[in-house]
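An overview of the molecular structure
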Amino acid sequence: MAGLDEDRKNRERADGDSPHSHEMVSIVLHVNGQAHPLPVEPRMTLAEVLRGPLGLKGTKVACDRGACSACTVWLENEVVASCSILAVEVGDRPVTTIEGLTGDRSLHPVQEAFIAHDAVQCGFCTPGLVMSCARLLADNPHPDETDIRTAISGHLCRCGTYPHVLRAILALGKTEGSQHE
Ligand code: FES
Ligand code: FES
């Protein structure tokens with residue numbers, strides 16, 4: 001029986017699972033201007049908590065390993081891959097997801113520009129791209145092509161929308177007096 005027990009423990013280690021990983025921890029996540037007290041497993045990523053308990057499914061998970069940027073959200077004023085940060089690591093830092101980007105508008109200017117320039121196909125990468133482009137414009141209202149290419153360089157779009165995204169954000173950056181945040 002000792003051998004079976006050892007096998008089980010080895011399997012749990014290999015899966016990244018442990019008897020302690022199911023213990024819940026109480027945290028308060030500040031998302032889109034609202035405080036959410038909730039219990040989470042210490043191993044849960046921010047993306048899992050956003051999409052699961054908080055029901056914010058606009059944040060997409062594709063690779064789940066920090067390689068595609070589909071899951072991009074803002075942590076304070078930085079873009080982060082929410083699949084690569086644990087929810088328990090977020091602390092008091094405010095999180096903004098695609099649902100919280102628009103404020104009281106129906107669409108953010110970046111979303112309007114994506115529509116106008118046909119920068120959406122299947123749409124799976126789109127929320128992440130919008131979050132990165134909106135952050136870029138908030139920090140730099142008139143980005144040039146290099147700025148935009150750098151901002152979206154971590155995003156994988158299998159549909160190949162990159163030229164359209166580039167045109168959309170270049171056009172938006174040229175819009176006089178546009179409010180991007
Ligand atoms: S799903 Fe997070 S980087 Fe790919
Ligand atoms: S629009 Fe389909 S993956 Fe980007």
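Our structure's up above, just so we're on the same page.
Overview of the structure.

With that settled, the discussion passes to the pattern of salt bridges. Should the charged atoms of two oppositely charged side chains come close, the side chains can pair. Considering all chains together, one arrives at three salt bridges under this definition. Between Arg135 and Asp139 there is a salt bridge whose closest N-O contact spans 2.9 Å. One end of the pair, Arg135, and the other, Asp139, are both in helix H4 (residues 126–139), four residues apart, so they sit about a helical turn from each other. We classify Arg135 as buried; its relative accessible area is 6%. Taking the shortest distance from any N to any O, the salt bridge between Arg149 and Glu145 comes out at 3.0 Å. Linking Arg149 with Glu145, this pair stays in helix H5 (residues 145–151), spanning four residues, or about one helical turn. Among the residues examined, Glu145 registers a relative accessible area of 36% and is labelled partly exposed.

Before going further, it helps to examine the packing of aromatic side chains. Evaluated as defined, the whole model comprises zero aromatic pairs. In this structure, Arg135 is placed above the aromatic ring of Trp74, and the distance from its NZ or CZ to the ring centre is 4.4 Å.

Our next topic: the side chain of Thr59. Summarising the element assignment, Thr59 is placed in the loop between helix H2 (46–51) and strand S3 (72–75). Apart from residues lying up to four places away in sequence, Thr59 is in contact with Leu50, Arg51, Cys71, Val73, Ser82, Thr97, Ile98 and Glu99.

Procedures and definitions
- Residues numbered from 1 in each chain as written.
- Chains lettered and ligands numbered in written order.
- Predicted model: local features only at pLDDT ≥ 70, side-chain atom pairs only at ≥ 80, totals over all residues.
- Heavy atoms only, no water.
- Salt bridge = Lys/Arg side-chain N within 4 Å of Asp/Glu carboxyl O.
- Helix = DSSP H or I, 4+ residues; strand = E, 2+ residues; numbered from the N terminus.
- Buried < 20%, exposed > 50% of the residue type's maximum accessible area, 1.4 Å probe, protein only.
- Phe/Tyr/Trp six-rings, centres within 6.5 Å; stacked < 30°, edge-to-face > 60°.
- Lys NZ or Arg CZ within 6 Å of the ring centre and 35° of its normal.
- Contact = heavy atoms within 4.5 Å.

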